[in-house]
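Structural overview
Take a look at the letters that make up each chain.
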Amino acid sequence: MGHSEKASKFVANSERMHWHDKALWFVREKRDLAAHQLDEWEELRRVASEIKSHTMDRLDYYLEEFEKNAKQKGLHIHWARDAREHNEIVLNLLLAHGAKRVVKSKSMLTEECHLNPFLEKNNIEIVDTDLGERIVQLRREAPSHIVLPAIHLKKEEVGKTFEEFLNTQKDNCDPTYLTREARKHLREKFLTADASITGVNFAIAQTGGVVVCTNEGNADIGTSLPKLHIASMGIEKIIPRLEDLSIFTRLLARSATGQPITTYTSHFHAPIEGGELHIIIVDNGRSDILSNSDFKESLHCIRCGACLNTCPVYRRSGGYSYGYIIPGPIGSTLGASRDLQANKTLPFACTLCASCSNVCPSKIGLHNQLYKHRQNVVKAGLLGAKKRAILKVTAWVMKHPLLFDFMGLVVRKIVPILPRSIVYSKANVWGRNRELPKFPKKSFKELYKERIK
Amino acid sequence: MKIGLFIPCFMNELYPEASMATLRVLENLGLDVEYPMNQTCCGQPMANSGCYHKAKELAKRFLKIFKDYDYIVAPSGSCVAMVRVNYAQFLEGEEGFEQIKNNTYELVEFLHDVIKPTTMSVSFPYRVGIHNSCHGHRELGMASMSERNLPEFSKIKKILSLVNDIEFVTLRRNDECCGFGGIFSVTEEAVSVAMGIDRVNDHLNAKAEVITGIDMSCLMHMQGIIDRQKLPIKTMHIAQILAGDYDGTL
Ligand code: SF4
């Protein structure tokens, strides 16, 4: 099923669709307020985009620099070509440390690698400790948003989930109550964990350390207790210098939720006492994107989620309609880059309104990328035969002005005299919920000719 | 100064009044306007569907027809964006391309940037909601975008403010997409219609009597919804307001 079929199911529940739309629009408005309070906002975006371009053009250099400096600090660096290698490295580290219970803070990369099911299969308990992540994990769902993983759920549904898994009071869906219960539940997990896994928001080449941004402090507590900390990062997370960091932290929190800064910005430059810190640097298709000039900018993404919040299609179709780990504009372009065949409808799940490109803190031309992906869909012969035929005939007509005039005339003369049941038959998708325009007797060209006579 | 009037293909067939209004707005300002008869389509539908070669053929055709005009003016932000922003991929380096790229304007933009009229002797005594259609808004820069932190302005509002007796409403979402999106309106029918309904409702709640804008395609989509649901509001291309087409009854 492509995006549009799944989206139409989401739209069918108008009440819920509008609730989803409003919840995300609220976040977008908070972001606007925060962004508009900084006079230097556009300057920040420009600098961020330049730092990213610069870094991506010398990624090999900065990655090696990072590795060298991290090793000097006593951190362990691992390289993973793909998801499988990444997961193997994680498993081997856990086994070597005899770790059976793992706490994990938010990381889209481990979602991308499907790490959880892999570890579970190997009899390791893995607990997501970000509240939203934990909720979807208990429900065995994927995150529907990259920053707000459980945004598709209402509090009543969260209450029911907690009732089932955490034995909370029946029908109590008070958010404060549920949060406290989740905290109790997670505290126990934190205290008994043998290892922790985190994502990485930024890896600083110059210092050889990594930075993790959270609002709940779950990465901090998770990494403070167990002796083993594994941090997974994509190759694109590198920034050159420590002083570049503030550009991104200022943009990230404001773009994501409208906060001036995330509640916790944790720097990891050494393992805890007597512990080990392992960093896994993952490619998993990124270097292919890097080598494609049309799409390499998509690696500038700092995963703020602003393009999802602003996307009028995402807000009305929900994260699951995309069928890719990352939904919304950035997910559509990454998904299409990764596997065009599987994600061929995503570049078309877009009106090309360009809101995403203008909201993006890293100035990624998201809508331009989707436009380009469309051409690749056609080139690969993945556009439906019917659509292709229609466009071919239309283009042919358009090359012949007389034919164009004639066709226009025929349509304008015939459609108005046809019975409504034929004009609005099933084939008329436009007419399902919309009237057609009133067909005028004469075209502009005809009127123009009459006028100059 | 010779102006080539570029009328989007579907407007030629379906919206002769709005097209004629465009011509009259320009003529009323004493401008020399010509409509090249052999024009058809700029290729946008093909380009947005990913059909590179078909779009390229039509872009080349467009170039041939329009390259000798001093200015090319069209009543559509979207089709103008196609020429100014998207044609580069098809025509970069072709003789005459720079000329059409630099001198193709959307009607309101042309008035605002080039002609700069200070009065307009037309009246439109209605409460109007402006639909900021995306390509004009974000590709051509017709107005400040809500996403960006840049000084506020609106070329559309500035030109419309020259019309007597007009009143503007304030929308809750000033520049959200209406969901037309060309082929999106059909391939993603459900979301497209949902977006259109939300947009129309924003105008209704703001007590607008007329939704106007620079793109007939967005207005056609919203009018389709208005007609189906029999809503007490109507759409009107901005050219018809500027030409004084209002005949006393809406
Ligand atoms: S593409 Fe831009 S707006 Fe979207 S999540 Fe990434 S950084 Fe944020």
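Provided above is the structure to which this section pertains.
Owing to the predicted nature of the structure, the values given are computational and were not obtained by experimental measurement. (Residues numbered from 1 in each chain as written. Chains lettered and ligands numbered in written order. Predicted model: local features only at pLDDT ≥ 70, side-chain atom pairs only at ≥ 80, totals over all residues. Heavy atoms only, no water.)

Some words on the interface of chain A and chain B
Frequently, the measure chosen for interface size is the accessible area that the parts lose on association. The interface of chain A with chain B comprises 79 residues on the first partner and 73 residues on the second. Counting every contact that joins chain A to chain B gives 12 salt bridges. Put simply, Arg 148 of chain B and Glu 42 of chain A hold a salt bridge, and the shortest N to O gap is 2.9 Å. At the boundary of chain A with chain B, the tally comes to 41 residue pairs in polar contact (both at pLDDT 80 or more). For the side of chain A that touches chain B, a count of residues per class yields 35 nonpolar, 17 polar and 27 charged. (Contact = heavy atoms within 4.5 Å. Salt bridge = Lys/Arg side-chain N within 4 Å of Asp/Glu carboxyl O. Polar contact = N/O pair within 3.5 Å; in protein donor to acceptor, adjacent residues only side chain to side chain. Nonpolar A, V, L, I, M, F, W, Y, C, P; charged D, E, K, R; others polar.)

Here we look at the nonpolar core
Note on soluble globular proteins: their nonpolar side chains tend to be buried together. By size, the foremost hydrophobic cluster in this structure holds 107 residues, and its most contacted members are Tyr 87 and Leu 242 of chain B. The dominant element in this core, judged by the number of residues it contributes, is helix H4 (residues 52-66) of chain B, at seven residues. What Tyr 87 of chain B contacts, discounting residues up to four positions off in sequence, is Cys 42, Leu 58, Ala 59, Phe 62, Met 82, Glu 92, Phe 97 and Ile 100 of chain B. Tyr 62, Ala 205, Tyr 314 and Ile 330 of chain A belong to the second-largest nonpolar core, a separate cluster that totals 58 residues. (Core = buried A, V, L, I, M, F, W, Y, C linked by side-chain atoms within 4.5 Å. Buried < 20%, exposed > 50% of the residue type's maximum accessible area, 1.4 Å probe, protein only. Helix = DSSP H or I, 4+ residues; strand = E, 2+ residues; numbered from the N terminus.)

Description of the packing of aromatic side chains
Evaluation of the coordinates by the stated rule reveals 20 aromatic pairs over all chains. A ring pair is formed by Phe 444 of chain A and Tyr 448 of chain A, whose centres lie 5.8 Å apart and whose planes are at 35°; its orientation type is tilted. With Phe 444 of chain A and Tyr 448 of chain A both in helix H22 (residues 444-452) and four residues apart, this pair spans about one turn of that helix. Taking relative accessible area as the criterion, Phe 444 of chain A reaches 0% and is therefore assigned buried. When the ring of Phe 124 of chain B is compared with that of Tyr 246 of chain B, the centres are 6.0 Å apart and the planes differ by 85°; the resulting orientation is edge-to-face. In this pair, Phe 124 of chain B sits in the loop between helix H8 (107-115) and strand S5 (127-131) while Tyr 246 of chain B sits in the segment after helix H14 (238-242), placing the two residues 122 residues apart along the sequence. (Phe/Tyr/Trp six-rings, centres within 6.5 Å; stacked < 30°, edge-to-face > 60°.)

A closer look at the site of the ligand
The ligand sits among Ile 146, Cys 301, Ile 302, Arg 303, Cys 304, Gly 305, Cys 307, Ile 330, Cys 360, Pro 361, Ile 364 and Leu 366 of chain A. Residues that form the shell around the ligand fall into these classes: 10 nonpolar, one polar and one charged. (Near = heavy atom within 4 Å.)

With respect to the sheet that holds strand S6 (residues 209-214) of chain A
Residues and elements named next belong to chain A. Strand order in the open sheet formed by four strands is S8-S5-S6-S9, and the pairing between neighbours is mixed. The open sheet has two edge strands with one neighbour each: strand S8 (238-239) and strand S9 (264-268). Strands strand S5 (202-204), S6, S8 and S9 of the sheet are contacted by helix H12 (residues 242-257), whose axis makes an angle of about 170° with S5. (Pairing = 2+ DSSP bridges. Axes fitted to C-alpha atoms, helices over the stretch in contact; angles between N-to-C directions.)

Remember that the coordinates give geometry; whether it matters functionally is a separate question.
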